[in-house]
Amino acid sequence: MAGSSEIEGEKLEPNWDLTPFFPEFDGVEYRSFRDELAASIEGAQARVARLGDLRLSNVSEWVELLVLTEDIGARTSHIGSYIGCMAAADSLDEAVQRQSADLSNMRAELQKLSVGIRAALDDCDDATFAELLADARLRDASYFVERLRERARWSMSTELEQLSADLGVNGLSAWGRLYSQVTGKLEFDFEIPGKASRRLPVAIARSLMEDPDPQTRTAAFRGANAAWEGVSDVMAACLNAIAGTRLSLYERRGVSHFLDPALFDAGISRTTLDTLMDVVRARADVARRYLKRKARILGQESLGFQDLMAPLPLGDAGSIPWDEACIGVQRAFEGYSEDLGGLSARAFERRWIDYESRPGKRPGGFCSTSPLLGESRVFMTYNGALGDLRTLAHELGHAYHGWLMRDMRPWARRYPMTLAETASTFAEQVYTESVLADPGTSEAQRCVILDSRLAFAAVFLVNIPVRFEFEKAFYEERASGEVSVTRLCELMIEAQRCCYGESLDENQLNPWMWASTLHFYITELSFYNFPYTFGFLFSLGLFGRAQAEGKAFLEQYDELLRLTGSDDAEDVARRCMGVDLEAPEFWNSSIDGIETDLERFLAESEKLFS
C-alpha cells in the first residue's frame, strides 16, 4: 500500500487520514481527477492562444478564463497537497515519487498557462485592465490579479518562459525532489560510549538534541552531521543547481537583485526587510544573554550547537505522551478562543496529523491545506519533547488560518509566507501563556516554559538570521560559479559567528547546517528564512495587543488573518493594527516583550539555580 513503511514484515502506517482527499492512492477517483485537471489546463492554454491580446472587446472572455484558471489552481493545490503529504510520509514509496514527478509536469503546464496570462495583462493598457478588474466575477480577487500583472515585469519572451517551465520539471524542481528522497532515506549511527550503537533516521536527531543527557545530545549531533557529511557532495550539487538556475533566470528576466523575487513573494518592501533585520541585529544581545545564562545553568562555559534546545537540569521530566500533548494544546486553545479550540478538536478527532517516527519519513514539519476541502493536514515527528509540543501548536495555528479562510475564493487565500507565520506563531504564544498563567504551574515549570519560550525566541533572533546571512553570502558567491562543500561549511560558520557572537562555543558550531536545513532546498520559494523572523515578531506584536484588549481582540485578529491574501503585509498591518512596519518602533516593541520574558527567566532561574 502506498504511504506505508515496513520493518521486519510489519507495516507502519501514517497516522493521518487522507481519504477525504482521495479514497485511495492512484485509485479511480484519483486518476479521474488528475486526468480532468490535465485536460482543463490544456484547454485553458488553447483559450489563451485563441483569445490573443487583452482588449476592451474581449474583456469578458478574459475574465471567464481567469476564473477558470483560478479553479485550475485550486484543483492543482488540492492534488499537490495530497501528493506532498504522501511523499513526506514515506519517501521510500517509488509509486508516490513517480506521481510527484508527474505533478511537477502538470505544474509546468500550469506555469505555461500563467506565462500567457501574465503577458496579456502586461501588454494591455491601463483602461482595459481597469475594466477587467471592475467585472463582478473578479470581486475580491483584484489584489491577486494586480500581482500577476506586476510579476510580468520580470519576464522573458513567452517562448523562453514556456521553455523555462519545461526545463524546471527535470531541472529546478528535480533537485528539490532529489534532496527530499535522499534525506528521507538518510540514517545515522547513534553512538554513546558504553552503549550499543543504533541506526536512526535523521528526522529524529532534532528531538534527541532536546534530551537532558549531554551525551545523547552530542551523539545525535555528531552522528547526524556525519551522515550529512556523507551525502555532502549530493547536497552541494542540489544547492548549487537550485541557486544557479535561479540566478540565470533572474539575469534573463531583468531582476536587479536576487532578494527582489523573495521580497515580492513575501509581500513586503526592501525597506521593511532592512528595518526588521537592522533591529534584530541591534537587539541580538537579548538572545545572547539568554544563551549565556543557559550555559551557566548547564554547568558549561558556553553552549555547543547541540545544546541550544537542551532542557533545564530539573530532573527527568520524561517524554510527554501524545495523548497528553493533545489535551494540553486543546485546553490552551479552548481557553483563548472557542473557534481555535474547535479547530484543534476537529484536527484530533478527524486524524489530520501524522506524528509518529518511522523509517522513510522525511524530516521537518509542515501544514498543508486543501482549498477544495477547506481542511489541513499536519506533518511532524513527535517524540515527546517540549519542542515537539510547540511544533504541534505551531502547525495547528496554520490549520486555523486555513480554516478561517475556507469560504473565501482561492485567489484571496494565497497569502505570503510573512503573514503565513502569523497564526502559527500566535498559536504557540497562546499555548505557552496558558501554562504560565495557570496557578497550578510550579516555579520549576514556569522556569521550563520561559526557557522554552526564550529558546524559540533565540531561533528567530539569531538562528533564522544565520540562515538569511548564509543564503545571502552563498548567492553572492554562486553568481561567480559553483561553491564547494568546504566553502559552504565556511560560509555557514561565518554566519553563525556573526549572529551568535560569543554565546556559542567556537569549537562546537554546526558547519553542516546548510545541508540539514530543508528550507534551502524548497524550489518554489527562495530565502525561506526571514519570513519566519517577520512572522514571529509580528505575532508577538499581535499577542501583546490580545493580552491588552482581551476578548475584544478576537474578531479583529480573525479579520486580519482573513485579509492576509488580499493586501501587502504593510497595508494589512496598517489597516488592522495601525502600525508602520517600515519603521523600527513596532519591531522594537516586539523584542521588548522577549526582553521581559528574559528578565522573568533570569529571576526564576536564580531561585532554582543560585
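Use the structure listed above.
First, a word on scope: everything that follows refers to the structure included in this document.

### So, helix α10 (residues 232–253)
Turning to step 1, where the next piece is worked out: The end-to-end C-alpha distance of α10 is 31 Å, a good match for the 32 Å that 22 residues give at a rise of 1.5 Å each.
Turning to step 2, where the next piece is worked out: Phi for Gly254, located one or two positions after α10, is positive at around 80°.

### Structural notes on unusual backbone geometry
Turning to step 1, where the next piece is worked out: Phi is positive for Asp140, close to 70°, though the residue is something other than glycine.
Turning to step 2, where the next piece is worked out: When you line up the elements, Asp140 lands in the loop between α4 (126–134) and α5 (142–151).
Turning to step 3, where the next piece is worked out: Non-glycine residue Arg351 carries a positive phi angle of around 55°.
Turning to step 4, where the next piece is worked out: Of note, Arg351 is situated in the loop between α15 (338–349) and β5 (353–354).

### As for the side chain of Lys112
Turning to step 1, where the next piece is worked out: Structurally, Lys112 is set in helix α3 (residues 94–123).
Turning to step 2, where the next piece is worked out: Every residue in contact with Lys112, bar those within four places of it in the chain, is listed here: Gln45, Gln162, Ala165 and Asp166.

### A short note on the side chain of Ser104
Turning to step 1, where the next piece is worked out: Here Ser104 lies in helix α3.
Turning to step 2, where the next piece is worked out: Taking relative accessible area as the criterion, Ser104 reaches 11% and is therefore assigned buried.

### With respect to the pairing of strand β7 (residues 375–379)
Turning to step 1, where the next piece is worked out: Counting buried positions along β7 gives five out of five residues, so the element sits mostly inside the fold.
Turning to step 2, where the next piece is worked out: Burial along β7 is two-sided: the face carrying Glu375, Arg377 and Phe379 and the face carrying Ser376 and Val378 are both buried.
Turning to step 3, where the next piece is worked out: Note that β5 and β7 share two bridges and pair parallel. In the sheet register, Ile353 faces β7, and the bridge partner there is Val378.
Turning to step 4, where the next piece is worked out: Pairing analysis gives five bridges linking strand β6 (residues 366–370) to β7, with the strands arranged antiparallel. Note that in β7 the partner of Phe366 across the bridge is Phe379.
Turning to step 5, where the next piece is worked out: In textbook terms, the turn of a hairpin is the stretch between consecutive antiparallel strands, and for β6 and β7 this stretch comprises four residues, one of which, Gly374, has a positive phi near 70°.

### What about the sheet that holds β6?
Turning to step 1, where the next piece is worked out: With mixed pairing, the three strands of this open sheet are ordered in space as β5-β7-β6. Two strands lie at the open edges of the sheet, namely β5 and β6, each paired on one side alone.
Turning to step 2, where the next piece is worked out: Packed onto the sheet, helix α16 (residues 386–404) meets β5, β6 and β7 and runs at close to 20° relative to β6.

Quick notes on the rules
- Residues numbered from 1 in each chain as written.
- Predicted model: local features only at pLDDT ≥ 70, side-chain atom pairs only at ≥ 80, totals over all residues.
- Heavy atoms only, no water.
- Helix = DSSP H or I, 4+ residues; strand = E, 2+ residues; numbered from the N terminus.
- Expected span 1.5 Å × (residues − 1).
- Contact = heavy atoms within 4.5 Å.
- Buried < 20%, exposed > 50% of the residue type's maximum accessible area, 1.4 Å probe, protein only.
- Pairing = 2+ DSSP bridges.
- Axes fitted to C-alpha atoms, helices over the stretch in contact; angles between N-to-C directions.

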